[in-house]
Amino acid sequence: MKFLVLLGILLVAYLIWRHSRVERRDDEAPPPKQQPAAAPQDMVSCPICSVHLPRGDAVAGADGRLFCSQEHRLTAGQ
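Residues numbered from 1 in each chain as written. Predicted model: local features only at pLDDT ≥ 70, side-chain atom pairs only at ≥ 80, totals over all residues. Heavy atoms only, no water.

Digging into the pattern of salt bridges
Here is step 1 of the chain: Counted under the stated rule, the structure contains one salt bridge.
Here is step 2 of the chain: With a closest N to O distance of 3.0 Å, D63 and R65 form a salt bridge.
Here is step 3 of the chain: According to the relative accessible area criterion, D63 is exposed, its value standing at 55%.
Here is step 4 of the chain: On the basis of relative accessible area, R65 is assigned to the partly exposed category, the value being 37%. (Salt bridge = Lys/Arg side-chain N within 4 Å of Asp/Glu carboxyl O. Buried < 20%, exposed > 50% of the residue type's maximum accessible area, 1.4 Å probe, protein only.)

Dropping the structure here:
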C-alpha cells in the first residue's frame, strides 16, 4: 500500500512538472520567419575560362560578349 501511495505522489509531481514546461514553451516567442530565397539570376559563361557567373557581375566586351573580369576582356581583344 505504501508503494502505491508513493507511486501516486510521484505521478502527480511528474504531471505538474510536465504541465509547467508546456506552459513555459507556449509563452516563448515564435522563431523568426525565414527570409524568402532570392530570385534566380541569368548566368553567363566567360569565353576565355568558361567560368559561369551572374549576368550582373559580368564585364561586357566591345562586341557584346560577356567576360568574368576586365583582364579576360582585354585578353580577348588581342
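As for the environment of A62
Here is step 1 of the chain: One can find A62 in the loop between β3 (59-60) and β4 (66-67).
Here is step 2 of the chain: A residue is classified by how much of its surface remains accessible, and A62, at 87% relative accessible area, is exposed.
Here is step 3 of the chain: Taking the C-alpha atoms as reference, A62 lies 8.5 Å from G77; in sequence the two are 15 residues apart. (Helix = DSSP H or I, 4+ residues; strand = E, 2+ residues; numbered from the N terminus.)

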